[in-house]
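Each chain is listed here by its residues.
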Amino acid sequence: MKQFNPHIRNIAIIAHVDHGKTTLVDHLFRQSGTFRENEEVVERVMDSMDLERERGITIAAKNCSMTWQGVKINVVDTPGHADFGGEVERALMMVDGAVLLVDAAEGPLPQTRFVLRKALERGLRILVVINKLDRKDARAQQVLNEVFDLFIDLDASDRQAEFPLLYAVGREGRAWRAEEGTGTDLTPLFEMILKEVPPPCYDTEEPFQMLVADLGYSDYLGRLAIGKIAHGTAQRNDALVRIDASGTAAPLRVTKLQSYQGVRIREVESAEPGDVIILAGIDDVNIGDTICTREAPRTLPRVNVDEPTVAVMVTINTSPFTGRDGKFVQAGKLRERLLKETLRNVALRVRMTGETDEFVVEGRGEFQMVILAETLRREGYELSIGRPRVILKEEGRKTLEPIERLFVDCDEAHMGVVIEKISRRKGRLANLVNHGSGRVRLEVSIPTRGLIGYRSEFLTDTKGTGIMSSYLEGYEAYRGDFPSRVTGSLVSNVQGDAVAYALWNLEQRGTLFVTPGEKVYEGMIVGEHSRENDLVVNPCKTKKLTNIRAKGRDENVVLTPIVPLTLERAIEFIRDDELVEVTPNAIRLRKARLSTAKPLREDLAE
């Protein structure tokens, strides 16, 4: 018999990057009484990872809860970037509704479309909040029309398209309905969640069932399984079974049962249907497994995620400087860490190659690979990363490649060079909107490989004022080859310390990546050549000294300041025969083959 649990609501907060999602959750915590009035709380409390705080984005989906008028509201803060789509897909399995947050000036952007499409496919009830009404360029009515058009475009049902609407200023913790004109707190949002989001439904005749949607780890409790109870109730010390992807059932006993209270976890004796819980005492569990009773082992539908579109080669660090910075330099340690990452991130895959120290990591996008590399270096790993490559599909005799829907917002003066660069990369202009404000919005269909390495070039072309974002649209026939980079590399032929005199002479050859005193080695890329070929140089060459002092010979060497290499810029820059060396304290560019000596001609005669 179907019943609802009126004491619980499960919702996800979904939005594009930087539309105020995490800030709004902060105020929901404060106004629901989750924090004491005198409790000191950091801003953006849900951004628990250092990378999230530094970059101002949500990378991993996280759970929390709050209580309003006796109803427990479980909240999942989801990433707003399509590269972390696997986090979105598994997070939406635990909720019955979603709050869609849209910027009142920017409107719905590509990641808004991506996350909303996933929520609509699951049939979730969507509540729309138009945020940042305090912006001078806010255009609430036009944005509302764009949101409605987006729902129609994504084939939303009639009920989903008739969404409840609120306006808000998230950083001030205020929300109001259209007819009210202004608001003082987030009470309208809490009331709308309780009224519009359906309580979790369960079958009273079904035994306990839970789908594992997230994994955690505790030094004291070991592996933790996180998910929503689909049917039945959970008790501590229950004897249960875990059913994996192959249908094999393994017995287990729950040593601890926990649930969310605010951003913290507390131990409970039992849990109701529909609640999000954490089970401890499960040694071997993966996302998508079903945990149920031994008497009635029945599986729930597993998580279905989109296929990876980009792959990179990851190897151990083989440069002469290996082992100087990191704690983990062995291939076995790197392999173990990459496989551990696939347990938590369902959109990531690791494929072994014939070599023991090389691995192919497949994921959703270039940015996901950057975040993975940055996480590993902060944990003390040393590794080398190759140029990202798209994953092609074969259908009959046709080769298919992933196609992105790219949205560009830039000044009207830069529109020409942007369109020219995009067309070179096999992009096709689908739409152009000019509101007469001096900025234009371009909508482009472009291969995924056309975006690899383009972001830094785009920022240069638009003087840093352009905004670019995209989502995967599907697969089309291969659109043909195009040049990825028109410049070569300045490659060092010696090992030592870079010298200011040598670098000063190299500046006329291109753009440098190293500074005086920086250690270099043979095969390391020290700059970008102004021409298309690679140039072997000596950055350690010193000035020849004589005992003759002449006027004008001792002028001071002044070098052009360099732009420090970031992981994004490094991965975008390299060619197929180059690698990015990543260590806890350094990011270097190098050739895959370090020797700069010309190979001897092979004698083909027998």
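Because the structure is predicted, anything quoted here is derived from the model rather than measured.

(A) Structural detail: the overall build of the chain. Along the chain, the regular secondary structure elements total 14 helices and 37 strands. By the burial criterion, 54% of the 606 residues in the chain qualify as buried. Across the chain, every contact between residues at least 6 apart in sequence was considered, and the portion connecting residues at least 24 apart equals 71%. Only carbon and sulfur atoms are counted for the fraction: they give 48% of the accessible area of the chain, which is about 28900 Å².

(B) Spotlight on the nonpolar core. Grouped together as the largest cluster of nonpolar side chains are 68 residues, with contacts concentrated most on Ile-126, Val-128, Phe-151, Ile-277 and Ile-291. Top element by residues in this core is helix 5 (residues 140–153). It accounts for six residues. Residue contacts for Val-128: discarding those within four places in its chain leaves Leu-100, Val-147, Phe-151, Phe-163, Pro-164, Leu-165 and Leu-166. Counting 30 residues, the second largest nonpolar core, distinct from the first, contains Ile-316, Val-370, Tyr-381 and Ile-587.

(C) Expanded view of the environment of Val-536. Note that Val-536 resides in strand 35 (residues 535–537). Given the relative accessible area of 45%, Val-536 is considered partly exposed. Counting along the chain gives 43 residues from Val-536 to Asn-493, while the straight-line C-alpha distance between them is 6.1 Å. Ignoring any residue separated from it by four or fewer positions in sequence, one finds Val-536 in contact with Val-491, Asn-493 and Thr-596.

(D) Representation of the side chain of Ser-492. Note that Ser-492 resides in strand 30 (residues 489–492). In terms of polar contacts, Ser-492 uses its side chain to reach the backbone carbonyl oxygen of Val-494, at 2.8 Å. Residues within four places of Ser-492 in sequence aside, it is in contact with Val-520, Tyr-521, Glu-522, Gly-523, Met-524, Val-526, Val-537, Pro-539 and Thr-596.

(E) Looking closely at the packing of helix 4 (residues 110–121) against helix 5. At a minimum axis separation of 10 Å, helix 4 and helix 5 run at an interaxial angle of 50 degrees. As the angle between them shows, helix 4 and helix 5 are arranged oblique. Regarding helix 4 and helix 5, the two cross each other, and that crossing is right-handed. In contact with Thr-112, Arg-113, Leu-116 and Leu-120 of helix 4, helix 5 contributes Leu-150, Phe-151 and Asp-153.

(F) Region of interest: the packing of helix 8 (residues 331–344) against helix 9 (residues 366–378). The contact between helix 8 and helix 9 brings their axes to 12 Å, and the two run at 130 degrees. With respect to helix 9, the element helix 8 is oriented oblique. Two packed elements cross with a definite hand, and for helix 8 against helix 9 that hand is right-handed. Two secondary-structure elements touch here, helix 8 through Leu-334, Arg-337, Leu-338 and Glu-341 and helix 9 through Leu-372, Thr-375 and Leu-376. Partitioned by chemical class, the residues of the contact of helix 8 with helix 9 number four nonpolar, one polar and two charged.

(G) Structural view of helix 8. Taking 1.5 Å per residue, 14 residues should reach 20 Å; helix 8 reaches 21 Å between its end C-alpha atoms and fits that length. Looking only at helix 8, the buried set comprises Ala-331, Leu-334, Arg-337, Leu-338 and Glu-341. Viewed end-on, helix 8 has its buried residues packed into an arc of 130 degrees, placing them on one side of the element. Opposite its buried face, helix 8 presents the exposed residues Glu-336 and Lys-340, each directed more than 90 degrees away. Next to the buried residues of helix 8 lie strand 20 (310–316), strand 21 (349–352), strand 22 (358–363), helix 9 and strand 23 (383–385).

(H) Structural view of the confidence of the model for the chain. Per-chain confidence: the chain averages 83 in pLDDT, with 89% of residues scoring 70 or above. Of the regions scoring below 50 in pLDDT, residues 37–49 engages in 38 contacts with residues more than four places distant in sequence or in other chains. Note on residues 600–606: pLDDT is under 50 here. Beyond four places in sequence and across chains, it has zero contacts.

(I) Inspection of empty space enclosed by the protein at higher detail. This model, assessed by the stated rule, comprises one cavity of 30 Å³ or more. Size it by volume and the largest cavity reaches roughly 60 Å³. Ranked by residues supplied to the lining of the largest cavity, first place goes to helix 9 with four residues.

(J) Quick look at the packing of aromatic side chains. This model, assessed by the stated rule, comprises six aromatic pairs. For the pair Phe-321 and Tyr-521, a centre-to-centre distance of 5.0 Å together with 90 degrees between the ring planes defines the contact as edge-to-face. Here the residue Phe-321 occupies a position in the loop between strand 20 and helix 8, and Tyr-521 occupies one in the loop between strand 33 (519–520) and strand 34 (524–529), the gap between them amounting to 200 residues. Of the two residues examined, Phe-321 and Tyr-521, each falls in the buried class.

(K) Fine view of the pattern of salt bridges. Within the structure shown, the criterion is met by 41 salt bridges. The salt bridge partner of Glu-196 is Arg-125, with a shortest N-O separation of 3.0 Å. Here Glu-196 is found in helix 7 (residues 187–196), whereas its partner Arg-125 is found in strand 6 (residues 125–131), with 71 residues between them in sequence. In this pair, the class of Glu-196 matches that of Arg-125, namely buried. Across the salt bridge formed by Arg-298 and Glu-206, the nearest N and O atoms sit 2.7 Å from each other. With Arg-298 in the loop between strand 19 (290–293) and strand 20 and Glu-206 in the loop between strand 9 (201–203) and strand 10 (209–218), this pair connects stretches of sequence that are 92 residues apart. Ionic contacts of the salt-bridge type, sharing partners, join the residues Asp-103, Glu-106, Lys-132, Arg-135 and Asp-137 into one network.

(L) Geometry of helix 7. Within helix 7, seven of the 10 residues are buried, which leaves it mostly tucked inside the rest of the structure. Taken as a whole, helix 7 has its buried residues at Pro-188, Leu-189, Phe-190, Met-192, Ile-193, Leu-194 and Glu-196.

(M) Seen up close, the pairing of strand 30. Because side chains alternate across strand 30, one face comprises the buried residues Ser-489 and Val-491, and the other comprises Leu-490 and Ser-492, equally buried. Relative to strand 34, strand 30 is paired through three bridges, and the arrangement is antiparallel. Its bridge partner being in strand 34, Leu-490 is matched across the sheet by Gly-527. Relative to strand 35, strand 30 runs parallel, the two sharing three bridges. When the sheet's bridge partners are listed, Leu-490 is paired in strand 35 with Leu-535.

(N) Local environment of the environment of Pro-308. Counting through the fold element by element, Pro-308 comes out in the loop between strand 19 and strand 20. When its relative accessible area of 6% is taken as the criterion, Pro-308 is described as buried. Sequence separation of Pro-308 and Ala-347 is 39 residues, and the distance between their C-alpha atoms is 6.8 Å. Contact partners of Pro-308, with chain neighbours within four places excluded, come to Ala-347, Arg-349, Glu-362, Gly-363, Ile-391 and Tyr-475.

(O) Examining unusual backbone geometry more closely. At Lys-132, a residue that is not glycine, the phi angle is positive and equals roughly 60 degrees. On the secondary structure map, Lys-132 appears in the loop between strand 6 and helix 5. The backbone phi angle of Lys-463 is positive, close to 55 degrees, even though this residue is not glycine. Here Lys-463 lies in the loop between helix 12 (455–461) and strand 29 (467–477).

Calculation rules
- Residues numbered from 1 in each chain as written.
- Predicted model: local features only at pLDDT ≥ 70, side-chain atom pairs only at ≥ 80, totals over all residues.
- Heavy atoms only, no water.
- Helix = DSSP H or I, 4+ residues; strand = E, 2+ residues; numbered from the N terminus.
- Buried < 20%, exposed > 50% of the residue type's maximum accessible area, 1.4 Å probe, protein only.
- Contact = heavy atoms within 4.5 Å.
- Areas by Shrake-Rupley, 256 points an atom, 1.4 Å probe, with all protein chains shown as cover.
- Core = buried A, V, L, I, M, F, W, Y, C linked by side-chain atoms within 4.5 Å.
- Polar contact = N/O pair within 3.5 Å; in protein donor to acceptor, adjacent residues only side chain to side chain.
- Axes fitted to C-alpha atoms, helices over the stretch in contact; angles between N-to-C directions.
- Parallel < 35°, antiparallel > 145°, perpendicular 65-115°, else oblique.
- Left-handed = near helix turned anticlockwise from the far one by under 90°.
- Nonpolar A, V, L, I, M, F, W, Y, C, P; charged D, E, K, R; others polar.
- Expected span 1.5 Å × (residues − 1).
- Arc of directions from axis to C-beta.
- pLDDT = per-residue confidence, 0-100.
- 1 Å grid on protein atoms, 1.4 Å probe; cavity = no way out; pocket = protein on both sides within 12 Å on 5 of 7 lines; lining within 4 Å.
- Points joined across faces, edges and corners; volume = space filled by probe spheres on them.
- Phe/Tyr/Trp six-rings, centres within 6.5 Å; stacked < 30°, edge-to-face > 60°.
- Salt bridge = Lys/Arg side-chain N within 4 Å of Asp/Glu carboxyl O.
- Pairing = 2+ DSSP bridges.

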